[in-house]
Amino acid sequence: NAGVTQTPKFRILKIGQSMTLQCTQDMNHNYMYWYRQDPGMGLKLIYYSVGAGITDKGEVPNGYNVSRSTTEDFPLRLELAAPSQTSVYFCASSIGGRSNQPQHFGDGTRLSIL
Amino acid sequence: DQQVKQNSPSLSVQEGRISILNCDYTNSMFDYFLWYKKYPAEGPTFLISISSIKDKNEDGRFTVFLNKSAKHLSLHIVPSQPGDSAVYFCAASVAGFQKLVFGTGTRLLVSP
(Lines give C-alpha, C1' and ligand atoms only; values in the text may rest on other atoms or scores of the structure.)
Protein backbone atom coordinates (compact mmCIF):
# COMPACT_ATOMS: atom_id res chain seq x y z
CA ASN A 1 0.00 0.00 0.00
CA ALA A 2 1.81 3.12 -1.26
CA GLY A 3 -0.33 5.71 0.61
CA VAL A 4 0.50 9.25 -0.51
CA THR A 5 3.21 9.54 -3.17
CA GLN A 6 4.91 12.82 -4.06
CA THR A 7 7.19 13.48 -7.00
CA PRO A 8 9.81 14.75 -7.43
CA LYS A 9 11.64 14.43 -4.10
CA PHE A 10 14.02 17.28 -4.91
CA ARG A 11 14.02 20.07 -7.46
CA ILE A 12 16.00 23.23 -8.16
CA LEU A 13 14.27 25.95 -10.15
CA LYS A 14 15.39 29.26 -11.50
CA ILE A 15 13.43 32.40 -10.65
CA GLY A 16 10.49 32.79 -13.01
CA GLN A 17 10.32 29.14 -14.03
CA SER A 18 7.19 27.11 -13.52
CA MET A 19 6.67 23.56 -12.37
CA THR A 20 4.08 21.13 -11.08
CA LEU A 21 4.48 19.12 -7.90
CA GLN A 22 2.70 15.81 -8.24
CA CYS A 23 0.70 14.09 -5.52
CA THR A 24 -1.26 10.87 -5.78
CA GLN A 25 -2.96 8.70 -3.17
CA ASP A 26 -4.26 5.16 -3.42
CA MET A 27 -6.46 5.13 -0.31
CA ASN A 28 -9.60 6.47 -2.01
CA HIS A 29 -9.53 9.48 0.30
CA ASN A 30 -11.87 12.34 -0.48
CA TYR A 31 -9.87 15.13 1.12
CA MET A 32 -6.43 16.20 -0.02
CA TYR A 33 -4.13 19.00 1.14
CA TRP A 34 -0.96 20.84 0.24
CA TYR A 35 1.30 22.28 2.93
CA ARG A 36 4.62 24.04 2.92
CA GLN A 37 7.17 23.92 5.70
CA ASP A 38 9.81 26.60 5.94
CA PRO A 39 12.93 26.06 8.07
CA GLY A 40 12.15 26.20 11.79
CA MET A 41 8.45 26.69 11.13
CA GLY A 42 5.33 24.59 11.27
CA LEU A 43 3.38 23.39 8.27
CA LYS A 44 1.15 25.96 6.63
CA LEU A 45 -1.86 24.99 4.50
CA ILE A 46 -1.67 26.19 0.89
CA TYR A 47 -4.76 24.62 -0.71
CA TYR A 48 -7.10 21.78 0.02
CA SER A 49 -9.73 19.77 -1.84
CA VAL A 50 -12.84 18.07 -0.52
CA GLY A 51 -13.33 15.96 -3.63
CA ALA A 52 -12.80 15.82 -7.36
CA GLY A 53 -13.50 19.20 -8.93
CA ILE A 54 -13.62 21.10 -5.62
CA THR A 55 -10.71 23.08 -4.24
CA ASP A 56 -10.31 25.93 -1.78
CA LYS A 57 -7.61 28.22 -0.46
CA GLY A 58 -5.74 27.65 2.74
CA GLU A 59 -3.61 30.04 4.75
CA VAL A 60 -0.89 30.79 2.14
CA PRO A 61 -2.29 30.30 -1.40
CA ASN A 62 -0.59 33.19 -3.22
CA GLY A 63 1.69 32.07 -6.04
CA TYR A 64 0.15 28.61 -6.32
CA ASN A 65 -2.62 26.89 -8.23
CA VAL A 66 -4.24 23.49 -7.83
CA SER A 67 -6.66 21.25 -9.64
CA ARG A 68 -8.42 18.02 -8.71
CA SER A 69 -9.71 16.17 -11.72
CA THR A 70 -9.62 12.73 -10.08
CA THR A 71 -9.93 11.39 -6.53
CA GLU A 72 -6.36 10.13 -6.66
CA ASP A 73 -4.41 13.14 -7.90
CA PHE A 74 -3.92 16.64 -6.53
CA PRO A 75 -1.13 18.51 -8.36
CA LEU A 76 0.26 21.83 -7.12
CA ARG A 77 1.47 24.32 -9.73
CA LEU A 78 3.94 27.15 -9.29
CA GLU A 79 3.61 29.54 -12.22
CA LEU A 80 6.40 32.08 -11.64
CA ALA A 81 8.83 30.68 -9.11
CA ALA A 82 10.15 33.15 -6.54
CA PRO A 83 12.89 32.67 -3.89
CA SER A 84 10.21 32.98 -1.18
CA GLN A 85 8.76 29.69 -2.44
CA THR A 86 11.87 27.78 -1.44
CA SER A 87 10.46 25.27 1.02
CA VAL A 88 9.55 21.66 1.65
CA TYR A 89 6.12 20.83 0.28
CA PHE A 90 3.95 18.11 1.76
CA CYS A 91 0.82 16.60 0.31
CA ALA A 92 -1.67 14.86 2.59
CA SER A 93 -5.00 13.10 2.37
CA SER A 94 -7.79 12.08 4.71
CA ILE A 95 -10.87 9.96 4.27
CA GLY A 96 -13.12 12.77 5.48
CA GLY A 97 -13.10 16.35 6.63
CA ARG A 98 -13.34 15.90 10.36
CA SER A 99 -10.27 16.34 12.55
CA ASN A 100 -10.68 12.87 14.08
CA GLN A 101 -9.95 11.39 10.66
CA PRO A 102 -6.17 11.84 10.62
CA GLN A 103 -4.29 13.14 7.64
CA HIS A 104 -1.77 10.88 5.93
CA PHE A 105 1.28 12.65 4.55
CA GLY A 106 3.65 12.01 1.69
CA ASP A 107 7.41 12.26 2.20
CA GLY A 108 7.65 15.75 0.75
CA THR A 109 9.24 17.61 -2.14
CA ARG A 110 12.24 19.79 -1.30
CA LEU A 111 12.17 22.77 -3.66
CA SER A 112 14.92 25.37 -4.02
CA ILE A 113 14.51 28.46 -6.16
CA LEU A 114 17.67 30.28 -7.11
CA ASP B 1 0.44 35.68 14.65
CA GLN B 2 1.41 32.18 15.80
CA GLN B 3 -1.80 30.61 17.11
CA VAL B 4 -0.11 27.36 18.12
CA LYS B 5 3.21 27.64 19.91
CA GLN B 6 5.79 25.08 20.87
CA ASN B 7 8.28 27.12 22.84
CA SER B 8 10.89 24.41 23.28
CA PRO B 9 12.74 23.80 20.01
CA SER B 10 14.46 20.75 21.43
CA LEU B 11 14.37 18.27 24.31
CA SER B 12 16.88 15.63 25.37
CA VAL B 13 15.83 12.67 27.52
CA GLN B 14 17.45 9.44 28.60
CA GLU B 15 15.99 6.14 27.51
CA GLY B 16 13.38 4.85 29.97
CA ARG B 17 12.57 8.29 31.35
CA ILE B 18 9.50 10.39 30.68
CA SER B 19 9.43 12.88 27.81
CA ILE B 20 7.07 15.83 28.16
CA LEU B 21 6.42 17.99 25.13
CA ASN B 22 4.40 21.16 25.55
CA CYS B 23 2.12 23.18 23.31
CA ASP B 24 0.24 26.43 23.91
CA TYR B 25 -2.52 27.95 21.80
CA THR B 26 -4.17 31.33 21.65
CA ASN B 27 -7.38 30.72 19.70
CA SER B 28 -10.14 29.72 22.13
CA MET B 29 -12.18 28.41 19.19
CA PHE B 30 -9.82 25.45 18.72
CA ASP B 31 -11.67 22.31 19.74
CA TYR B 32 -9.53 19.46 18.47
CA PHE B 33 -5.83 18.90 18.97
CA LEU B 34 -3.42 16.45 17.39
CA TRP B 35 0.20 15.42 17.72
CA TYR B 36 2.23 14.38 14.70
CA LYS B 37 5.67 12.81 14.68
CA LYS B 38 8.18 13.42 11.91
CA TYR B 39 11.41 11.61 11.06
CA PRO B 40 13.99 13.24 8.76
CA ALA B 41 13.17 13.00 5.04
CA GLU B 42 9.71 11.63 5.81
CA GLY B 43 6.28 13.16 6.11
CA PRO B 44 4.57 13.67 9.47
CA THR B 45 2.66 10.70 10.87
CA PHE B 46 -0.34 10.97 13.15
CA LEU B 47 0.38 10.02 16.75
CA ILE B 48 -2.50 10.88 19.06
CA SER B 49 -5.32 13.39 19.37
CA ILE B 50 -7.76 14.86 21.88
CA SER B 51 -11.10 16.58 21.69
CA SER B 52 -11.80 19.66 23.79
CA ILE B 53 -14.51 17.75 25.65
CA LYS B 54 -11.79 15.60 27.23
CA ASP B 55 -8.79 16.43 29.36
CA LYS B 56 -6.79 13.26 28.76
CA ASN B 57 -6.32 10.67 26.06
CA GLU B 58 -4.01 7.69 26.29
CA ASP B 59 -2.63 5.32 23.69
CA GLY B 60 0.02 2.92 24.90
CA ARG B 61 3.12 4.86 25.90
CA PHE B 62 1.63 8.15 24.71
CA THR B 63 -0.73 10.36 26.71
CA VAL B 64 -2.01 13.78 25.78
CA PHE B 65 -3.31 16.16 28.44
CA LEU B 66 -5.44 19.21 27.69
CA ASN B 67 -5.89 22.18 30.02
CA LYS B 68 -8.47 24.39 28.33
CA SER B 69 -8.38 27.15 30.92
CA ALA B 70 -4.64 27.55 30.39
CA LYS B 71 -4.88 26.89 26.63
CA HIS B 72 -2.16 24.32 27.06
CA LEU B 73 -1.64 20.74 26.04
CA SER B 74 1.19 18.33 26.62
CA LEU B 75 2.32 15.01 25.24
CA HIS B 76 3.83 12.50 27.67
CA ILE B 77 5.89 9.58 26.42
CA VAL B 78 6.60 6.90 29.03
CA PRO B 79 8.99 5.17 28.86
CA SER B 80 10.95 7.01 26.19
CA GLN B 81 12.80 4.92 23.62
CA PRO B 82 15.58 5.86 21.18
CA GLY B 83 13.15 5.24 18.31
CA ASP B 84 11.05 8.11 19.65
CA SER B 85 13.75 10.55 18.56
CA ALA B 86 11.97 12.76 16.02
CA VAL B 87 10.34 16.15 15.62
CA TYR B 88 6.91 16.39 17.24
CA PHE B 89 4.32 18.83 15.94
CA CYS B 90 1.27 19.97 17.79
CA ALA B 91 -1.74 20.92 15.62
CA ALA B 92 -5.17 22.37 16.30
CA SER B 93 -8.42 22.86 14.44
CA VAL B 94 -11.70 24.73 14.78
CA ALA B 95 -15.10 23.05 14.76
CA GLY B 96 -13.53 19.66 14.16
CA PHE B 97 -12.64 20.52 10.57
CA GLN B 98 -9.40 19.52 8.93
CA LYS B 99 -7.87 22.97 8.37
CA LEU B 100 -5.07 22.29 10.82
CA VAL B 101 -2.85 24.96 12.36
CA PHE B 102 0.56 23.56 13.23
CA GLY B 103 3.11 24.57 15.83
CA THR B 104 6.79 24.94 14.96
CA GLY B 105 7.77 21.56 16.36
CA THR B 106 9.98 20.20 19.14
CA ARG B 107 12.93 17.98 18.33
CA LEU B 108 13.14 15.11 20.82
CA LEU B 109 16.37 13.21 21.28
CA VAL B 110 16.23 10.05 23.38
CA SER B 111 19.69 8.78 24.24
CA PRO B 112 20.45 5.17 25.24
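Before reading further, recall that the structure is shown in the block above.
So, here is what we can say about the structure in this document. Computed from a predicted structure; not experimentally measured.

## Remarks on the layout of surface pockets
Logical step 1: Roughly 620 Å³ of internal volume is contained in the largest pocket.
Logical step 2: Taken together, 30 residues make up the lining of the largest pocket; nearest its centre are Gln37, Val88, Phe90 and Arg110 of chain A together with Lys38 of chain B.
Logical step 3: Among the secondary structure elements, those contributing two or more residues to the lining of the largest pocket are β9 (87-94) and β11 (109-113) of chain A together with β9 (86-94) and β11 (106-111) of chain B.
Logical step 4: Sorting elements by how many residues they give to the lining of the largest pocket places β11 of chain A first, with four residues.
Logical step 5: Along the lines of polarity and charge, the residues of the lining of the largest pocket split into twelve nonpolar, eleven polar and seven charged.

## Brief notes about the sheet that holds strand β8 (residues 76-78) of chain A
All names here are of chain A.
Logical step 1: An order of β1-β3-β8-β7 is seen for the four strands of this open sheet, with the pairing classed as antiparallel. Looking at the sheet topology across the chains shown, the edges are occupied by β1 (4-7) and β7 (64-66). Here the strands of the sheet are splayed against their neighbours by 20 degrees on average, with no regard to which way each runs.
Logical step 2: Alignment of β7 against β8, held across three bridges, turns out to be antiparallel. Across the sheet, the residue bridging to Asn65 is Arg77, located in β8.

## Quick word on the sheet that holds strand β1 (residues 4-5) of chain B
Residues and elements named next belong to chain B.
Logical step 1: Pairing is antiparallel in the open sheet, where five strands are placed in the order β1-β3-β8-β7-β6. Each end of this open sheet is capped by a strand with a single partner; those strands are β1 and β6 (56-59).
Logical step 2: One ladder, built from six bridges, connects strand β7 (residues 62-67) with strand β8 (residues 72-77); its direction is antiparallel. Looking across to β8, one finds that Thr63 is bridged to His76.

## Structural notes on the interface of chain B and chain A
Logical step 1: On the chain A side, the residues contacting the 21 residues of chain B number 24 residues.
Logical step 2: Summing the contributions of chain B and of chain A, the shared interface buries around 1800 Å²; its carbon and sulfur component is 57%.
Logical step 3: Put simply, chain B and chain A have zero salt bridges between them.
Logical step 4: Applying the counting rule to chain B against chain A returns three residue pairs in polar contact (both at pLDDT 80 or more).
Logical step 5: Of all the secondary-structure elements, those providing two or more residues to the side of chain B that touches chain A are β4 (30-38) and β9 of chain B.
Logical step 6: Broken down by element, the side of chain B that touches chain A gets its largest block of residues, four residues, from β4 of chain B.
Logical step 7: Here the residues of the side of chain B that touches chain A sort into eleven nonpolar, seven polar and three charged.

## Quick word on the state of the cysteines
Residue and element names in this part refer to chain B.
Logical step 1: Going through the model one piece at a time under the given rule, you end up with two disulfides over all chains.
Logical step 2: The partner cysteine of Cys23 in its disulfide is Cys90, sulfur to sulfur 2.1 Å. Taking the torsion about the S-S bond as the criterion, the Cys23 to Cys90 disulfide, at about -75 degrees, is left-handed. Of the two residues, Cys23 sits in strand β3 (residues 19-25) while Cys90 sits in strand β9, which places them 67 residues apart along the sequence.
Logical step 3: The class for Cys23 is buried, based on a relative accessible area of 0%.
Logical step 4: Looking at Cys90, the relative accessible area reads 0%, which means it is buried.

Cut-off values and rules
- Residues numbered from 1 in each chain as written.
- Chains lettered and ligands numbered in written order.
- Predicted model: local features only at pLDDT ≥ 70, side-chain atom pairs only at ≥ 80, totals over all residues.
- Heavy atoms only, no water.
- 1 Å grid on protein atoms, 1.4 Å probe; cavity = no way out; pocket = protein on both sides within 12 Å on 5 of 7 lines; lining within 4 Å.
- Points joined across faces, edges and corners; volume = space filled by probe spheres on them.
- Helix = DSSP H or I, 4+ residues; strand = E, 2+ residues; numbered from the N terminus.
- Nonpolar A, V, L, I, M, F, W, Y, C, P; charged D, E, K, R; others polar.
- Pairing = 2+ DSSP bridges.
- Axes fitted to C-alpha atoms, helices over the stretch in contact; angles between N-to-C directions.
- Contact = heavy atoms within 4.5 Å.
- Buried area = accessible area lost by both parts, 1.4 Å probe.
- Salt bridge = Lys/Arg side-chain N within 4 Å of Asp/Glu carboxyl O.
- Polar contact = N/O pair within 3.5 Å; in protein donor to acceptor, adjacent residues only side chain to side chain.
- Disulfide = S-S within 2.5 Å.
- Buried < 20%, exposed > 50% of the residue type's maximum accessible area, 1.4 Å probe, protein only.

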